[in-house]
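# Architecture and fold: a report
These are the residues of each chain, in order.
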There are 2 protein chains.
Amino acid sequence: MKNVAVVGAGLVGSLQAILMAQKGYNVSVFERREDLRKAKLISGKSINLALSDRGWKALELAGIAEDIRAISIPMHSRCMHALDGSLSYQPYGKEDQAIYSVSRGGLNQKLMNLADDYPNIEYFFDRKCQDLELASNTLTFNNTKEKTTEKHVFDRIFATDGAFSAVRMRMQKSTLFDYSQKYLDHGYKELVIPANEDGSHKLDKNCLHIWPRGEFMMIALANLDGSFTCTLFFPMKGETSFETLKTREQVGGFFEKTFPDAVSMMPTLLDDYFDNPTSTLIMVRCTPWNYQDKVLLLGDAAHAIVPFYGQGMNCGFEDCTVFDEMYKQANGNWDGLLDRFSDQRVPDGNAILDLALFNYVEMRDLTADPDFLLRKKIEAKFSNLYPEKWMPLYSQVTFSHIRYSDALKNGQYQQTIMDQVMQLDDIHQNWNEPFVMEKMLALLV
Amino acid sequence: MKNVAVVGAGLVGSLQAILMAQKGYNVSVFERREDLRKAKLISGKSINLALSDRGWKALELAGIAEDIRAISIPMHSRCMHALDGSLSYQPYGKEDQAIYSVSRGGLNQKLMNLADDYPNIEYFFDRKCQDLELASNTLTFNNTKEKTTEKHVFDRIFATDGAFSAVRMRMQKSTLFDYSQKYLDHGYKELVIPANEDGSHKLDKNCLHIWPRGEFMMIALANLDGSFTCTLFFPMKGETSFETLKTREQVGGFFEKTFPDAVSMMPTLLDDYFDNPTSTLIMVRCTPWNYQDKVLLLGDAAHAIVPFYGQGMNCGFEDCTVFDEMYKQANGNWDGLLDRFSDQRVPDGNAILDLALFNYVEMRDLTADPDFLLRKKIEAKFSNLYPEKWMPLYSQVTFSHIRYSDALKNGQYQQTIMDQVMQLDDIHQNWNEPFVMEKMLALLV
């Protein structure tokens, strides 16, 4: 029972392949696309990733964290760009805490190269998953290069084939599988702020830049080459939307009016806008994530979420570490292992989905709201004074390994407390007075 | 643009075929199974249907209502069977109102026979839908008898292929299609109370019989041959569940204890229990129900619901009448027609799903609750006095053509009023006093 398939050679698939190889399994990794290490990098299609603690833990488990740290850029704060060009900063956590901008392609390549060092991992590219026969654990692939069909039988199958998972689509037809997919009303488009001529960054590279505009926003994350990858998150339809911005004139006028400080740094804006696709954002929940002791969904295949908490990849990597821990706890005994994993992990997938969705409102709207910013300041002060009593929700999600479902509950409780604190007289004047801290202490009892 | 496909020759598909043929279209109906008129009727797999006003309206539109009335049995009341065998009755509506027990197979045959009278309708059986290419409106079928593959192109496609719709599965892969499927924790099993030797019914045939038992229930609907089709709705897992009732002894003991008055009328209970499958109950929501002006989901393919309001078929039939009305309003112009249909109809599909789910609790639990029964009595009295001010929710759903989404809202409003009425002093003694009616009048202002 040592032959394992991984369907999907993305970030989570390659990581899981390594972790299973380390346990002594023979791992076959099937990927729909060609080997991305031989392909030209396709831009305009992928949001930059923000690696944080949950992701790092998994990379450490795979022994690759230091390699990745070398190609990542720490971001210590949000930097908000107001309409008048003024900047305000909000630290993500304590001084030594940061999230890390990293290229999806670069990270994926590193993981694949590391996997190639294992003699018991083999990659098969250009293999489109056509079918999975659950009764016999038989995978059917279309070899898109040779135009042939292949069938393979495995003892265990890990499906890491993303938000539109073919394996999950097959499980959806099996009985008692609950599933939902929902598209956000907003889509996104990738744009770019190129480097200065000397290769330096045009903005502070150690910030995640946000242009919060209420109903929508633009963000920018630094790349190693001095450029920034910008992403416009924007309504698909409606008065101000991708649907209504049709001509170069309309797009130019809109950006001049809405992101005036950015537009001067975006010389290829109009070409990028019309060359790059408008992408949609899907949310997927399902349960269970397994089929008996044979098939397990991991990563986006199990829980596609919106990117606004920077947790999509981090959550997928945490799937792998949690599986690793449970596997070791069970001493490698598979009986009921996948059932138990699914039971434990589904609520966490659902929780981070909800958290990420809400964070869109926070990023595009609340980061420009004085009440919201004050809440964060008061929380940060209290958390510094009483770290054992209060960890801000953002930190729980980003800088801890607290279960997402617990973080969600904690966050809801903290919100009820902060709602009361914000009712205190003249809180905007008095927030730094000791009685505010005392009030919070009293409320927490 | 006159060639229309209907995928699925069930109740809604056959009805829609007739309605489109009446409009002058050439209609091809594709069905996965063999012609049910030539097949042996398979029992043990289908809950008896309760036809009500929305269904009748559609049958009248197709000119078949009288034929069906002749093979249906009116049910004027619920008849609740208590554990001690005592019976209590609750009328469904006013004296002349009833829901009608009808056989799914019989109704489907009638609809097919009627469709066969149209020279512009052709049925193709043993055709399993394999794929739908949305860009070209090309349907691919597996001819399961000839073992061949067929491709057909149509101007319009109606998908009436049920809760596990192959067409919908294809639409699910198109962008911005929201979809959810969820299984109820409870499943069902069909059982039977045979006729007396003289062919008469063992119970009042003009009632829908319910054995409400809190967490689960059994129901029975009369057939024309003197028998009753019984359905046990029961948890799939847990302490008392399909999973735990394993032996003939356990099943016999459970029925003796739980349905003592019924068990004496069920001589084949144990054989039926183990011969008939345990079926699951799925709920499906999606939006939109259309793909451009080309493909439209109708019936269970668009909105699979639980059977507890007796509205699954009625809602599907109403889809057809609403489409018919909108088509006529648009004078047969398809531009935007399916978009408008979907926009209007999706909220109604969602509403009846919610209503049906809640009605399970009502049927299995509340029908044995004195407070609930009193509410119904007070509502009925008030509704008789002020019919223009109050129509009970059950009547709105069953005996009216009020949109389901409006009925749901009305019902929620009525509940807030009844909550207050039930707070009146000694309401169980005083419910028939004039001041109760006056209070309701005052609350409604």
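None of the values given here were measured: they were computed from a predicted structure. Along each chain, numbering runs from 1 in the same order as the chain's sequence is written. For this description, chains carry letters from A and ligands carry numbers from 1, given in the order in which they are written. In keeping with the predicted nature of the model, local features appear solely for residues at pLDDT of at least 70, side-chain atom pairs appear and are counted solely at 80 or more, and the whole-chain, interface and lining totals rest on all residues. The basis for every side-chain value is the complete set of heavy atoms in the structure, and neither hydrogens nor water enter the calculation.

### Here's the deal with the relation of the copies chain A and chain B
- When the copies are superposed, the least-squares fit draws on C-alpha atoms of residues that have pLDDT of at least 70 in both. Overlaying chain A on chain B yields an RMSD of 0.0 Å, the required transformation being a rotation through 180° with an accompanying axial translation of 0.0 Å. Taken together, the turn and the small shift mark the pair as related by a two-fold rotation axis. The rotation axis passes nearest to the C-alpha of Ser180 of chain A in chain A, at a distance of 1.9 Å.
- In what follows, a contact means two residues having at least one pair of non-hydrogen atoms within 4.5 Å. Both copies share a contact surface, since 93% of the interface residues of chain A are interface residues in chain B too.

### With respect to the pattern of salt bridges
- Should a side-chain nitrogen of Lys or Arg be within 4 Å of a carboxyl oxygen of Asp or Glu, the pair is scored as a salt bridge. Taken as a whole, this structure holds 46 salt bridges over all chains when the rule is applied.
- We note a salt bridge from Asp419 of chain B to Arg375 of chain B, for which the minimum N-O separation is 2.7 Å. In this pair, Asp419 of chain B sits in helix α13 (residues 404–421) while Arg375 of chain B sits in helix α11 (residues 370–385), placing the two residues 44 residues apart along the sequence.
- Think of it in three bands: with a 1.4 Å probe and only protein chains considered, a residue is buried below 20% of the maximum accessible area for its type, exposed above 50%, and partly exposed in between. Classification of Asp419 of chain B as partly exposed rests on a relative accessible area of 32%.
- Using a relative accessible area of 21% as the deciding quantity, one classes Arg375 of chain B as partly exposed.
- Via salt bridges that share partners, Arg54, Glu318, Asp319, Arg345, Asp348 and Arg403 of chain A belong to a single interconnected network. Helix and strand definitions follow DSSP, with helices as H or I runs of at least four residues and strands as E runs of at least two, each counted in order from the N terminus.

### What to know about the sheet that holds strand β7 (residues 99–102) of chain A
Residues and elements named next belong to chain A.
- A pair of strands is considered paired only if DSSP assigns at least 2 bridges between the two. What the three strands build is an open sheet, ordered β3-β7-β4; its pairing is antiparallel. Every interior strand has two partners, whereas the edge strands, β3 (49–51) and β4 (73–75), have only one. Here the average twist between neighbouring strands, direction ignored, is 40°.
- Relative to β7, β3 is paired through three bridges, and the arrangement is antiparallel. Its bridge partner lying in β7, Leu49 is registered against Val102. As a rule, the C-alpha atoms of each element are fitted with a line to give its axis, helices using only the stretch in contact, and angles between N-to-C directions run from 0 to 180 degrees.

### As for the sheet that holds strand β3 (residues 49–51) of chain B
All names here are of chain B.
- Spatially, β3-β7-β4 is the arrangement adopted by the three strands of the open sheet, whose pairing is antiparallel. Two strands bound the open sheet, and with one partner strand each, they are β3 and β4 (73–75). The mean angle between the axes of side-by-side strands here comes to 40°, regardless of whether they run parallel or antiparallel.

### Side note on the domain arrangement of chain A
- In this entry, domain limits derive from an automatic or database-based domain assignment. The domains assigned to chain A are domain 1 (3–46 + 104–180 + 282–358), domain 2 (186–279) and domain 3 (369–444).
- When each unit is reduced to the centre of its C-alpha atoms, the spacing between domain 1 of chain A and domain 2 of chain A is 32 Å.

### Regarding the environment of Pro277 of chain A
- Relative to the helices and strands, Pro277 of chain A resides in the loop between α8 (269–275) and β18 (282–287).
- Through-space distance from the C-alpha of Pro277 of chain A to that of Thr321 of chain A is 34 Å; in sequence the pair is 44 residues apart.

### Here we look at the interface of chain A and chain B
- Taken together, the contact between chain A and chain B spans 15 residues of the former and 15 residues of the latter.
- Buried area, as used here, totals the accessible surface that two parts lose on assembly, with accessibility defined by a 1.4 Å probe and the loss added over both. Of the roughly 1500 Å² buried at the junction of chain A and chain B (both faces included), carbon and sulfur atoms supply 52%.
- Among the residues chain A hides against chain B, the three largest losses belong to Leu176, Gln181 and Tyr183 of chain A. Together they make up 35% of the total.
- At the boundary of chain A with chain B, the tally comes to two salt bridges.
- A salt bridge links Asp178 of chain B to Lys182 of chain A, with the nearest nitrogen and oxygen atoms 3.5 Å apart.
- Within 3.5 Å is the distance limit for a polar contact, defined as a pair of N or O atoms, with the added protein rule that one can donate a hydrogen and the other accept it, and that residues adjacent in sequence qualify only through two side-chain atoms. Counting across the interface, chain A meets chain B through 10 residue pairs in polar contact (both at pLDDT 80 or more).
- Sort the elements by how many residues they give to the side of chain A that touches chain B and strand β13 (residues 178–183) of chain A lands first, with six residues.
- In the sheet, β13 of chain A pairs with strand β13 (residues 178–183) of chain B via three bridges, with the strands oriented antiparallel. Residue pairing across strands places Tyr179 of chain A opposite Gln181 of chain B, the latter belonging to β13 of chain B.

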